[in-house]
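These are the residues of each chain, in order.
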Amino acid sequence: MNLSSTIKSIQDIMRKDDGVDGDAQRLGQLTWMLFLKVFDQREEEWEDDAKDQGKTYKSPLPERFRWRNWAKYLIDAEGKKKPQIAGSELIGFVNNELFPALKEQIDPSQSPSHKVIKQIFEDANNFMKSGPQMLAVIEKLEEAINFHDFKTRASLGDVYEQMLNDLRGAGNAGEFYTPRAITAFMVDRVNPNLIKHESVLDPACGTGGFLTAAIDHFRNQRTTKSGPKDQRAIEELIHGIEKKQLPHLLCTTNMLLHGIDVPSQIEHRNTLGRPWNDWGANEKVDCLITNPPFGGYEDDGVGSDYPADLRTRETADMFMALIIKKLLKENGRAAVVLPDGFLFGDGIKGTLKKLLLRECKLHTIVRLPKGVFAPYTTIKTNLLFFTKGAVMDDGNEHFHTDTIWFYEHPYPAGYKSYSKTKPIRLEEFKPEQEWWGSEDNDFADRVENEFAWKVDFKAKREQAEAAAAPHWQRAEELGNQAADLESEAKDLKSSLVGNTNAKQRLKIEMQISALREQADALRLQARDAQAAGDRIYWPIFNLDIKNPNTPEEETFDPDVLLEKYKKLLGEIEETENQLKSELAAALAHHFGGEVTE
């Protein structure tokens, strides 16, 4: 029986157990058992290495709870395989001895290995209730998985990722799987450099797809002269943070499968839950590659210390604020998966895009078609590639982004969508890779084609600023006039102190009231003028730009037609508001003159 069939047979065994409910629990159950099995076999390698160096290896696990001392089948005097703990006693041992020991007796301060074990098991659970069924699972693991065999080690990684692929539609399991083609392409384009010791971070690492792609990318840079030093460097350069217990467990095991001996760089915590000012400059990285969860919201209080203009509870928006301001080094490179909603959204999303275009050079947006993440979501997604710019503190507003290139990734010939059986493949990205060019010469070799086009953001911004400036200037003038009237009213109010003349007091109060009415009218006119300028300026941050080189196909899809109808209504409303604003500005100028006479 091959390894893939063995894993499926293990899942079938678990389906018979009353305690394991659903694919996500089966995956969690299998993964902590697989972790202990894999870790034990890696420990055999580390023991041999220590012995060769005249040293003695000491396990971070209490001796009684190492896989070899409770789970591994032994050969009796008659040559038959025999479990160390009977099925009738096994569940009691796991629940009452094994898990309490691994959750409570491991001191994470002793070593990075202790920290890994502690984080793995602090939220892990044993769902199985049948000892005989658990023994059957252990027996299958013992028969099928020999981690010392390189072929098994390699194929186990493939099977492991296939398990995740199969579980994309299984509740929460789907939210932390990114197709391998996407992870490999994004890592390839960011191109972390092993010789330069460039650090890589995924702040929402899930099961570690981007990190394993980075590990493979680093290893492909090794030469015949590379040795253990380069392997240690790879371990040190890989960083991941994951909030949820199951994907963290999966990621840590995934790191072991990919040769990371002590994956202590994979932290089990909420990236977004860390106070804004706790992030230090020494924690910034050279390369950041991630698919942050989008569409979700953090609990109340999380992110409450973000800067006021960046304050939000939407997860992807919070991650973008952190990435731009806290996580990337100067000249650091990033690739982020984001939905269409981020591209066309306004409000906080508009503020974030302005921040992104100002502080970073957003050079490329790869627009993916629908279905890449199906069946988890049919939302269209985009790959944003950008580089953190140098800080400019001269008091003026500078934008590092001048030109934005777009590339519309097409379906392969004959495809109308992707699916579990027809996923997106890495070779589909070859045209993008050949077209890409180099950031060193500002992508001078790029050319427009039926899939690629560029937007002169600098020109759009300068035109919008010039058109909006008169409105903003008018808003400032009206605001200043209102402030002068309010100051005058305040002075008059101060003059009432100690004044007992009823007639004089009434006259002054009437003057104060008139001044405040005039000031309120001016404030309203100032807001209208500001809004008129904003309506001209802020649309430049709408990055949902369609391919101008492809004629729009006629469609009768009701969802598409409804979306077009909504967009048309929005455009009509925007035109109406603009007309109202222009009219209000003209009238405000007329009445503004009367008020200030």
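The next point concerns the overall build of the protein. The secondary structure content of the protein amounts to 17 helices and eleven strands. Burial analysis of the protein (597 residues in total) assigns 47% to the buried set.

Next up on the list: the confidence of the model for the protein. For the protein, the mean per-residue pLDDT works out to 86, and 89% of the residues sit at or above 70. Predicted confidence is poor over residues 169-176, with pLDDT under 50, and the contacts of this stretch with residues over four places away or in other chains come to 14 contacts. Of the regions scoring below 50 in pLDDT, residues 592-597 engages in six contacts with residues more than four places distant in sequence or in other chains.

Residues Leu562, Tyr565, Leu568, Leu569 and Ile572 make up a contiguous nonpolar surface patch of roughly 470 Å² in combined accessible area. Note on placement: isoleucine 572 falls in helix H17 (residues 558-595). Judged by its relative accessible area of 42%, isoleucine 572 falls in the partly exposed class.

Moving on: the packing of aromatic side chains. By the definition in use, this model includes 29 aromatic pairs. Judged by centre distance (5.5 Å) and plane angle (65°), the rings of tryptophan 67 and tryptophan 70 are edge-to-face. By the burial criterion, tryptophan 67 is buried, and tryptophan 70 matches it. Centroid distance phenylalanine 385 to tryptophan 436: 5.0 Å. Interplanar angle 80°. Geometry classified as edge-to-face. Pair noted here: phenylalanine 385 is in strand E9 (residues 381-388) and tryptophan 436 is in the loop between helix H14 (430-435) and strand E11 (452-456), with a separation of 51 residues, a long-range link.

In this section: the pairing of strand E8 (residues 360-367). Moving residue by residue along a regular strand, the side chains alternate between the two faces of the sheet. For E8, the buried fraction is high: eight of the eight residues fall into the buried class. Note that E8 and E9 share seven bridges and pair antiparallel. Following the sheet pairing, threonine 364 is matched in E9 by phenylalanine 385.

We now examine the environment of isoleucine 138. Tracing the sequence through the fold places isoleucine 138 in helix H5 (residues 131-144). On the accessibility criterion, isoleucine 138 (0% relative accessible area) is buried. On a C-alpha basis, the gap between isoleucine 138 and proline 83 in space is 9.2 Å, while along the polypeptide they are 55 residues apart. When near neighbours in sequence (up to four residues on either side) are disregarded, isoleucine 138 contacts Met33, Trp67, Trp70, Ala71, Tyr73 and Leu90.

Position of aspartate 340 relative to the elements: it lies in helix H12 (residues 340-344). For aspartate 340, a relative accessible area of 12% gives the class buried. Side-chain polar atoms of aspartate 340 contact the side chain of arginine 367, separated by 2.9 Å. At 2.8 Å, the side chain of aspartate 340 forms a polar contact with the side chain of asparagine 382. The contacts of aspartate 340, once residues within four sequence positions are left out, are Arg367, Lys380 and Asn382.

Calculation rules
- Residues numbered from 1 in each chain as written.
- Predicted model: local features only at pLDDT ≥ 70, side-chain atom pairs only at ≥ 80, totals over all residues.
- Heavy atoms only, no water.
- Helix = DSSP H or I, 4+ residues; strand = E, 2+ residues; numbered from the N terminus.
- Buried < 20%, exposed > 50% of the residue type's maximum accessible area, 1.4 Å probe, protein only.
- pLDDT = per-residue confidence, 0-100.
- Contact = heavy atoms within 4.5 Å.
- Patch = residues over 30% accessible without salt bridge, like charges linked within 9 Å, V, L, I, M, F, W, Y side chains within 5 Å.
- Areas by Shrake-Rupley, 256 points an atom, 1.4 Å probe, with all protein chains shown as cover.
- Salt bridge = Lys/Arg side-chain N within 4 Å of Asp/Glu carboxyl O.
- Phe/Tyr/Trp six-rings, centres within 6.5 Å; stacked < 30°, edge-to-face > 60°.
- Pairing = 2+ DSSP bridges.
- Polar contact = N/O pair within 3.5 Å; in protein donor to acceptor, adjacent residues only side chain to side chain.

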